[in-house]
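# A structural walkthrough
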Amino acid sequence: MAHFAKPENALKRADELINVGQKQDALQALHDLITSKRYRAWQKPLEKIMFKYLDLCVDLKRGRFAKDGLIQYRIVCQQVNVSSLEEVIKHFLHLSTEKAEQARSQADALEEALDVDDLEADRKPEDLQLSIVSGEKGKDRSDRELVTPWFKFLWETYRTVLEILRNNSKLEALYAMTAHKAFQFCKQYKRTTEFRRLCEIIRNHLANLNKYRDQRDRPDLSAPESLQLYLDTRFDQLKVATELGLWQEAFRSVEDIYGLMCMVKKTPKSSLLMVYYSKLTEIFWISSSHLYHAYAWFKLFSLQKNFNKNLSQKDLQLIASSVVLAALSVPPFDRAQSASHMELENEKERNLRMANLIGFNLEPKFEGRDMLSRSALLSELVSRGVLSCASQEVKDLFHVLEHEFHPLDLGSKIQPLLEKISKSGGKLSSAPSLPEVQLSQYVPSLEKLATLRLLQQVSKIYQTIRIESLSQLVPFFEFSVVEKISVDAVKNNFVAMKVDHMKGVVIFGNLGIESDGLKDHLAVFAESLNKVRAMLYPVPSKASKLGGIVPNLAKTVEKEHKRLLARKSIIEKRKEDQERQQLEMEREEEQKRLKLQKLTEEAEQKRLAAELLERRKQRILREIEEKELEEAQALLEDTEKRMKKGKKKTLLDGEKVTKQTVMERALTEQLKERQEMEKKLQKLAKTMDYLERAKREEAAPLIEAAYQRRLVEEREFYEREQQREVELSRERHESDLKEKNRLSRMLEFKETFQGEVIGRRQAEFDKIRTEREERISQMIRARKQERDIKRKQLYYLTTEEERIRKLQEEEEAHKREEAEKRKKQEAEHKAKLDEIAEKQRQRERELEEKEKKRREELLKGTDAPPARPAEPTAAPAAAAPPAAAPAQASGKYVPRFKRQTAEVSAPAQTPPAADSDRWGNRGPPPADDHWGSNRGGPSQKPDRWVPGSRGSDRPSGGDAWRSGEERRSPFGSSRPRPAQR
């Protein structure tokens, strides 16, 4: 280790070594100087030494040397001159970046270069063999040889700089700039692995910053400047993560931002919050968390509406449409129906975590906090007026999916709306921080939601439907996709259905009865009935010996039952604890195994690294020995040449010459030559001194004489020039007086013209100013009128929408009341009709019984001896009707034409008490009517034909059907009832 009296000497020594090609020795010399304890006070030469030191580190790719040097230099100038450290680090970053870019451009140029001997041959045989052996293409191989080492060094540079600046409050801006450059490096070259490591490094820096709060130069996060720098770094990290597609890292970046805000208890600016929520929308959409995606869009809409003054109506409508479609894309059922208790707790904790991230609450409370849900979000969108800001297609889609009932044409109504929505979207002109809004991304989710709504509505009106019919109702998907969607819906208790492929039908069930809440309703109903029976018919208590012996038997049994249940729960808890301990033991064993495996791998890597280092040292030693031997050989040849030139023979013939002896003799000769040269120079200097002194002694009087002559000449020249200047001044004065006299007579005209010009310009100025003030006042009045008109229009639209909404609500309420009233009337009407039908059936039963009795009496009458036929009588036709009645009453045969005549005239002769009306007087028919001819009029005809009667009494043709009793149908219309045979 060499010691230098001054740092400048070390810099000179390094330059000398660089000139002779020994950069490694120069780097080692500067490294020894920088790490030495003698130079711990900052000096200006140390900055130049650091520049040279970092140049050598970059040229030789010695990242470890650069890190050690920067750490030592930070210790030197931390309290004295921090700006010097900043300049050195910027120089280091610039060199590393420049070298990497040069390597990249060189590799590209090498790839594009035309280096082919034979233009007809595509590739050389050597290149073909090399590609087959190595398995690499030309560009991959050139990248591995040229670009990869420099990229590794540049990545190591970023890590080194971040590590050095992590706890330096005076260089926070440089730390943020370095992190930004590292992010851009990962983004430009798609370095996903390095980006993850970089995020972890920055995250650990912040964790250590909070862990060790007693450091001297620790950054203060409560300062606005420091907080803004850290926030900008995290937001850059979030943007790069989303652009690289590293969504896990993007979500962790969001958590970092939220944790940083919780740490300092401050809310960031609205512009940063817009970026925050815009990235959250992308993250949640990629992770299929549609509910959180919708809430993030809702927050973004609120921020844009409240803080973006330049937001246009078109952009506001597009954002509102995105919010509504994102909310509709959320599945309408909860996916955690059949989850275990532990899964439910994890889901609850996850929901709280997401709610904190989305709501940006810096002090979240665990209890008493509402969870996020689809219904709450939709109601909030309606109440906050987000739906009113959306486009008409989105409004129609919302009402069709959420409020209307169209089970048979839901698909045909939604499909044109989805086609229009898929064509909407674009870049927001007044919100450049937001991503490009594409409403087409919500179309698959909306089609799935429409399918679920259609299944739900169809299940309310159908119990069974054919698969072909259901496929026609869903134009979005094939039935296989519909079946998958229905499986998910049935699993989450959204709809109850079964698919029977054998019969080709879909069977819908009752979701309320098949739910878990009613699975034991029969047992509960039986227990309730037992309790009611025991209350209505109590069992008389009997004295028992056991009751006397054990008075508190019921309490003892209940207590014992509770104890057994508690013991059972304790046993189950112990089993769970034992299983958990077993799992923890297995996890610990796995961790130990992984740790041991990691230690083994690290030891193997260290061994391989040590072997590689040893081989490298041996190679370097061999190279040094070879180089020293070449230098000794060249030195020996040079020495021989000088001995021949000076005709000196310092070496004896046959003498054994070694490297050491040659170097010693060469050094001796060089020393002698140097001494002789110095003597010659001293003698020459003395000679030149004597010669110069003699020259000056001879030249002194000559110089004095020349000086005196020059003084005389200069004086004469001065006097001559002075006289000439006086004459010229006199002439100019005289000419100026003449000019003044000539122009004095124009003075009045000049003043008059000047006054006219000034007056005219003043008048023009006053006129222009008056016109400008009038124009400004008109513009102010016009703008005020526009604002008033817009305000009135907005008020009118708001009141009109409120009126329409109230009218719709009143119409719906009126419709519901009418429907309920109509249902009630229908129920009452149905009850009355049922009562009337019951009375009708009772009357029919009574008539049948009466008819049965009458038949029995008629049958009894046929068992008597037949009566004698009546004598023909010559009475006039007018007396025939009176004679027919006695004949009927006596049981004699009466011709049919006489019976019909008697039936027509009977009502006038029959007294009211003897009229056997079927509906009024329900008394039995007369016992002497042999043929059942109790027909007092048209209403006394028999209801139906009675078997066993004579053929003359049987109705003919359609009379047998038309003679049946007419009764009123339950719906109020009269229809003839056919007679029963």
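Computed from a prediction, not measured in an experiment: that's the story for all the values here. (Residues numbered from 1 in each chain as written. Predicted model: local features only at pLDDT ≥ 70, side-chain atom pairs only at ≥ 80, totals over all residues. Heavy atoms only, no water.)

## A look at the overall build of the chain
- On a plain count of helices and strands, the chain comes out with 31 helices and 7 strands.
- When burial is assessed residue by residue, the chain has 29% of its 981 residues classed as buried.
- For the chain, restricting intrachain contacts to residue pairs at least 6 apart in sequence, the fraction spanning at least 24 positions comes to 70%.
- For the chain, the exposed surface amounts to about 68,600 Å²; the carbon and sulfur share of it is 54%. (Helix = DSSP H or I, 4+ residues; strand = E, 2+ residues; numbered from the N terminus. Buried < 20%, exposed > 50% of the residue type's maximum accessible area, 1.4 Å probe, protein only. Contact = heavy atoms within 4.5 Å. Areas by Shrake-Rupley, 256 points an atom, 1.4 Å probe, with all protein chains shown as cover.)

## Regarding the confidence of the model for the chain
- Averaged over all residues, the pLDDT of the chain equals 77, while 76% of them reach at least 70.
- When mean pLDDT is compared element by element in the chain, helix α28 (residues 747-862) scores highest at 92, while helix α31 (residues 959-962) scores lowest at 40.
- Segment residues 132-139: pLDDT under 50, and 8 contacts once partners within four positions in sequence are set aside and those in other chains are kept.
- A low-confidence stretch, residues 904-981 stays under pLDDT 50, and its non-local contacts, those more than four residues away or across chains, total 88 contacts. (pLDDT = per-residue confidence, 0-100.)

## Comments concerning a negative patch on the surface
- The grouping of Glu-584, Glu-586, Glu-588 and Glu-589 at the surface amounts to a negative patch.
- Take Glu-586: it is sitting in helix α26 (residues 553-645).
- You can call Glu-586 partly exposed: its relative accessible area is 43%. (Patch = residues over 30% accessible without salt bridge, like charges linked within 9 Å, V, L, I, M, F, W, Y side chains within 5 Å. Salt bridge = Lys/Arg side-chain N within 4 Å of Asp/Glu carboxyl O. Lys, Arg positive; Asp, Glu negative; His and termini not counted. Charge placed at Lys NZ, Arg CZ, Asp CG, Glu CD.)

## Some thoughts on the sheet that holds strand β5 (residues 505-508)
- Ordered in space as β3-β5-β4, the 3 strands form an open sheet in which the pairing is antiparallel. What marks the edges here is a single partner per strand, and that holds for β3 (464-466) and β4 (497-500). Going from strand to strand, the sheet's axes swing by 20 degrees on average, the running direction of each strand aside.
- Bridge analysis of β4 against β5 gives 4 bridges, and the strand direction is antiparallel. Following the sheet pairing, Met-497 is matched in β5 by Phe-508. (Pairing = 2+ DSSP bridges. Axes fitted to C-alpha atoms, helices over the stretch in contact; angles between N-to-C directions.)

## Remarks on the state of the cysteines
- Within this structure, the stated rule accounts for 0 disulfides.
- Unpaired in this structure, Cys-199 has its nearest cysteine sulfur neighbour in Cys-186, at a distance of 7.9 Å.
- Accessibility expressed as a relative area gives 1% for Cys-199, which makes it buried. (Disulfide = S-S within 2.5 Å.)

## Here's the deal with unusual backbone geometry
- Residues other than glycine seldom take positive phi values, yet Lys-61 does so here, at roughly 60 degrees.
- A positive phi is found at Lys-190, a non-glycine position, where the angle reads about 55 degrees.
- With respect to the helices and strands, Lys-190 occurs in the loop between α8 (172-188) and α9 (192-211).
- The exposure class assigned to Lys-190 is exposed, which follows from its relative accessible area of 57%.

## Some thoughts on the packing of helix α20 (residues 443-461) against helix α22 (residues 479-491)
- One way to put it is that α20 packs onto α22 with a least axis distance of 10 Å and a crossing angle of 70 degrees. It follows that α20 is roughly perpendicular to α22 by the angle criterion. The handedness of the crossing between α20 and α22 comes out as right-handed. On the side of α20, the interface is formed by Lys-448, Thr-451, Leu-452 and Leu-455, while α22 contributes Val-482, Ile-485, Ser-486, Asp-488 and Ala-489.
- Here the contact of α20 with α22 is composed, by residue class, of 5 nonpolar, 2 polar and 2 charged. (Parallel < 35°, antiparallel > 145°, perpendicular 65-115°, else oblique. Left-handed = near helix turned anticlockwise from the far one by under 90°. Nonpolar A, V, L, I, M, F, W, Y, C, P; charged D, E, K, R; others polar.)

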